[in-house]
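For reference, the chains in residue letters:
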Amino acid sequence: MSTTTGTASFVSSRRILLWSGVAVLCAWVLVPIYLIALGAFGGRSAVYLWPKTGLPTGLSFEPFLLFLRTEGVLGSFLNSLGAAAITVALSLLLGAPAGYALARYNFHGKDSFRLMVLLTRAFPLAILALPLTVSFIRLGLYDTVTGVGLVHTVLALPFAVLVTQGIFLGVPRELEEAAWVFGCSRIQAFFKIVAPLALPGIAATAVFAFVISWNEVFAASVLTVRNRTLTAYLLTVLAESPMHYRFAGGLMLILPSVVFIFAVRRYLFAIWGISSK
């Protein structure tokens with residue numbers, strides 16, 4: 001009887017500890033977002049209100065809408081979305097086949113290639129700023145969303161290659177061989193067998209590529225003048241802006257990443273075997 005009671009107490013303690021950790025983690029993530037939203041929708045008075053109230057009153061969309069109507073904000077927001085879309089698409093189109101090749105084929109220099117892919121992140125972007133600017137001017141890519149998206153792809157591609165390699169290594173080769181036996185070509189076996197099983201990892205790679213592009217500011221500032229991304233635009237205009245404008249800019253930087261992650265959440269949950277409708 002005492003053993004059963006002790007086991008139940010231990011399980012209960014572990015459950016309490018687990019949910020306490022989950023609550024702390026949620027608070028760590030959500031409280032800053034809540035405070036930023038409070039400043040964005042509450043205007044100047046909400047920013048300087050202290051102590052902060054749990055359920056604030058007097059919030060309005062007008063301060064945030066006024067920020068959105070500021071010249072250049074929506075244009076830079078669309079530029080960021082365009083650059084992020086290019087980054088995600090190219091990172092998956094180039095990174096997934098490279099990761100599959102590393103996972104399935106043995107070739108001379110495979111380990112060296114994997115190392116070189118990783119070392120591309122060792123070069124500081126500031127060193128390449130001047131050569132990139134000159135090259136982009138010659139190619140007609142300077143001050144374009146396409147040029148920014150290409151640079152962001154270079155930043156995200158090493159991660160995409162190495163992560164997708166690990167994902168494809170986790171898919172048993174025997175499943176592909178069975179598909180070949182039943183008449184599928186290599187391409188058909190990949191899309192019908194491997195790709196669905198690797199989809200959660202591919203979704204995680206897409207999220208990482210999106211966040212890299214969305215948050216990157218140095219290349220976007222150097223390679224654009226008129227067609228700036230949102231981060232580069234906010235860097236130049238918010239230094240002299242009122243505090244509630246800064247909170248509105250911060251909220252606008254956070255929301256697209258949250259929405260994108262929410263859109264692919266069921267694929268991310270599938271990594272840990274959690275179902276999500």
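Cut-offs used in this document
- Residues numbered from 1 in each chain as written.
- Predicted model: local features only at pLDDT ≥ 70, side-chain atom pairs only at ≥ 80, totals over all residues.
- Heavy atoms only, no water.
- Helix = DSSP H or I, 4+ residues; strand = E, 2+ residues; numbered from the N terminus.
- Buried < 20%, exposed > 50% of the residue type's maximum accessible area, 1.4 Å probe, protein only.
- Contact = heavy atoms within 4.5 Å.
- Areas by Shrake-Rupley, 256 points an atom, 1.4 Å probe, with all protein chains shown as cover.
- UniProt positions renumbered as here; feature names shortened; annotations may be inferred.
- Core = buried A, V, L, I, M, F, W, Y, C linked by side-chain atoms within 4.5 Å.
- Domains from an automatic or database assignment.
- Phe/Tyr/Trp six-rings, centres within 6.5 Å; stacked < 30°, edge-to-face > 60°.
- Axes fitted to C-alpha atoms, helices over the stretch in contact; angles between N-to-C directions.
- Parallel < 35°, antiparallel > 145°, perpendicular 65-115°, else oblique.
- Nonpolar A, V, L, I, M, F, W, Y, C, P; charged D, E, K, R; others polar.
- Salt bridge = Lys/Arg side-chain N within 4 Å of Asp/Glu carboxyl O.

Draft legend 1. Examining the overall build of the chain more closely. Within the chain, the secondary structure is distributed over 12 helices and 0 strands. Helices (α) and strands (β) of the chain occur, in sequence order from the N terminus, as α-α-α-α-α-α-α-α-α-α-α-α. Within the chain, the fraction of its 277 residues that count as buried is 35%. Taking as baseline every contact in the chain between residues at least 6 positions apart, the subset at least 24 positions apart corresponds to 72%. In the structure as shown, the chain presents an accessible area of about 16600 Å², 72% of it carried by carbon and sulfur atoms.

Draft legend 2. Inspection of the UniProt feature "transmembrane region" (unreviewed entry) in the chain at higher detail. UniProt marks residues 16-41, 81-103, 115-137, 149-172, 193-214 and 247-268 with the feature "transmembrane region" (unreviewed entry), using the numbering shown here. Between the end C-alpha atoms of residues 81-103 the distance is 31 Å, and the span holds 100% helix and 0% strand. In residues 193-214, helix accounts for 100% and strand for 0%; the two terminal C-alpha atoms are 32 Å from one another.

Draft legend 3. The nonpolar core, seen in detail. Counting residues in hydrophobic clusters, the biggest one holds 29 residues, and the most contacted among them are Phe64, Phe67, Leu68, Val73, Val151, Leu251 and Met252. Going through the elements one at a time, helix 1 (2-48), helix 2 (62-68), helix 3 (73-104), helix 6 (145-169), helix 8 (186-215), helix 10 (230-237) and helix 11 (243-263) are the ones with two or more residues in this core. The dominant element in this core, judged by the number of residues it contributes, is helix 8, at 5 residues. Mapping this core onto the domain boundaries places at least three of its residues in each of domain 1 (11-59) and domain 2 (64-273). In terms of nonpolar packing, the next biggest core, distinct from the first, is built from 9 residues, Tyr100, Val194, Ala195 and Ile202 among them.

Draft legend 4. Here's a closer look at the packing of aromatic side chains. Following the criterion strictly, the structure yields 8 aromatic pairs and no others. Summarising the aromatic geometry, the rings of Phe190 and Phe191 are spaced 5.2 Å apart at their centres and angled 85 degrees between planes, so their arrangement reads as edge-to-face. Grouping aromatic residues by their ring pairs yields a cluster made of Tyr100, Tyr105, Phe168, Phe190 and Phe191.

Draft legend 5. Molecular detail of the packing of helix 10 against helix 11. It is at 11 Å that the axes of helix 10 and helix 11 come closest, and there the two elements cross at 170 degrees. Taken together, helix 10 and helix 11 sit at an angle that is classed as roughly antiparallel. Facing helix 10, whose interface residues are Leu230, Thr231 and Leu234, helix 11 presents Gly249, Met252 and Leu253. Residue composition of the contact of helix 10 with helix 11, grouped by class: 4 nonpolar, 2 polar and no charged.

Draft legend 6. Inspection of the pattern of salt bridges at higher detail. Here the structure, examined in full by the defined rule, presents 3 salt bridges. Between Glu176 and Arg104 there is a salt bridge, and its shortest N-O distance comes to 2.5 Å. Of this pair, Glu176 sits in helix 7 (residues 173-181) while Arg104 sits in helix 3, and the two are 72 residues apart along the sequence. Judged by relative accessible area, which is 1%, Glu176 ranks as buried. The shortest N-O distance in the salt bridge between Arg173 and Glu177 comes to 3.5 Å. Residue Arg173 and its partner Glu177 are located together in helix 7, separated by 4 residues, close to a single helical turn.

Draft legend 7. Helix 10, seen in detail. Along helix 10, the residues that are buried comprise Leu230, Thr231, Ala232, Tyr233 and Leu234. Of the surrounding elements, those touching the buried residues of helix 10 are helix 2, helix 3, helix 8, helix 9 (218-222) and helix 11.

Draft legend 8. Highlighting unusual backbone geometry. Unlike most non-glycine residues, Asp143 shows phi in positive territory, near 60 degrees. With respect to the element layout, Asp143 can be found in the loop between helix 5 (129-139) and helix 6.

Draft legend 9. How the structure looks around the packing of helix 8 against helix 11. Packing of helix 8 against helix 11 leaves a shortest axis separation of 10 Å and a crossing angle of 170 degrees. Looking at the two axes, helix 8 sits roughly antiparallel to helix 11. Facing helix 8, whose interface residues are Ala206, Val207, Phe210, Val211 and Trp214, helix 11 presents Met252, Leu253, Pro256, Ser257, Phe260 and Ile261. Counted by class, the contact of helix 8 with helix 11 contains 10 nonpolar, 1 polar and no charged residues.

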